[in-house]
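Listed here are the chains, written in short residue letters.
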Amino acid sequence: APVSGVRERVTLRGAVLPHHLLVETFIDDFYQHLQGEFSDVRKIILISPNHFGYGLRYVQMSESPRYFPGEHGIMVHVPFIQKYFPDAEILPIILKFRTPREKLDALVRDLLPRVDGHTLVLASVDFTHYVGEKDALENDARTIAWLESGRPVDFETITALAKSIAVGKSSDGDNAVAFDSPETLHVTLKLMEAQGARRFVLWKRTSSASLMKLDDPAQNTSHVFGSWQL
């Protein structure tokens, strides 16, 4: 049994959370939760979709968020990180949609030497877009179940999940509807897998439609908060 007054070994290694400020209060609550679970964070690897196709390279990494001032997938999180992990170094990364898998896997290899027991990996990802709440719930339940299964990371499966609209349906073309960056989830999951952090724990799922009673599917975005543990 744990010795009274001694904190058990930290097992948290990564998390996924949205960059949609509609749920700013929940984002703040989740960061407070992460701080309580993993207080000794010295480095945060913050991975986001490159929403506007900024720059020429598929993968862009910087030593400071200030180099990506127009990327809300990064900048939304900076105030929360500074509030709850003020001493942590932030390593921001943005990934273009349709980045080839070999470039994503090369990024994982480059990042692994930077990851240690004081590193927290954050995936900045919004989930289902532009469909009604019934389909959004089905999307998210399917994706969450896959994450909770702890199955080996497979880029084809992640890409197929991202295109899902509902059971038996998929989006036209290459649009990622069920979450906005399969690339970000792939890199995050590969980093978790390399550390043995295969256990996904859901913290909360919300959506614009459920929070604001929206009827227009085009205005709906869902949000999934969860963490990976050893």
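Residues numbered from 1 in each chain as written. Predicted model: local features only at pLDDT ≥ 70, side-chain atom pairs only at ≥ 80, totals over all residues. Heavy atoms only, no water.

### Remarks on the side chain of T99
- Topologically, T99 is positioned in the loop between strand 4 (89-95) and helix 4 (101-111).
- A polar atom in the side chain of T99 sits 2.5 Å from the backbone oxygen of K96.
- Every residue in contact with T99, bar those within four places of it in the chain, is listed here: Y58, V59, L104, F155 and E183. (Helix = DSSP H or I, 4+ residues; strand = E, 2+ residues; numbered from the N terminus. Polar contact = N/O pair within 3.5 Å; in protein donor to acceptor, adjacent residues only side chain to side chain. Contact = heavy atoms within 4.5 Å.)

### A look at helix 5 (residues 133-149)
- Over its 17 residues, helix 5 runs 24 Å from end to end, which matches the ideal 24 Å to within 8%, given 1.5 Å per residue.
- Downstream of helix 5 by a residue or two, G150 has a phi angle that is positive, lying close to 70°. (Expected span 1.5 Å × (residues − 1).)

### Brief notes about the pattern of salt bridges
- Counted by the stated rule, this structure contains eight salt bridges.
- With a closest N to O distance of 2.9 Å, K83 and D28 form a salt bridge. On the criterion of sequence distance, the pair formed by K83 in helix 3 (residues 78-84) and D28 in helix 1 (residues 24-37) is long-range, its members being 55 residues apart.
- With a closest N to O distance of 3.6 Å, E63 and R114 form a salt bridge. Residue E63 is found in the loop between strand 3 (59-61) and helix 2 (72-75), and its partner R114 is found in the loop between helix 4 and strand 5 (119-124); the two are separated by 51 residues along the sequence.
- Here the salt bridges share partners, and the residues they tie into one network are E133, D140 and R205. (Salt bridge = Lys/Arg side-chain N within 4 Å of Asp/Glu carboxyl O.)

### Regarding the nonpolar core
- Core analysis: the largest hydrophobic core is formed by 35 residues, its most contacted members being F179, V187, L191 and W228.
- The set of elements that each furnish at least two residues to this core consists of strand 2 (43-49), strand 4, helix 4, strand 5, helix 5, helix 6 (155-163), helix 7 (182-195) and strand 9 (222-229).
- At five residues, the largest contribution of residues to this core is made by helix 7.
- Among residues more than four places away in sequence, those in contact with L191 are I47, V108, L111, L112, V115 and V121.
- Judged by nonpolar contacts, the second largest core, of 25 residues, contains I27, F68, F80 and I90. (Core = buried A, V, L, I, M, F, W, Y, C linked by side-chain atoms within 4.5 Å. Buried < 20%, exposed > 50% of the residue type's maximum accessible area, 1.4 Å probe, protein only.)

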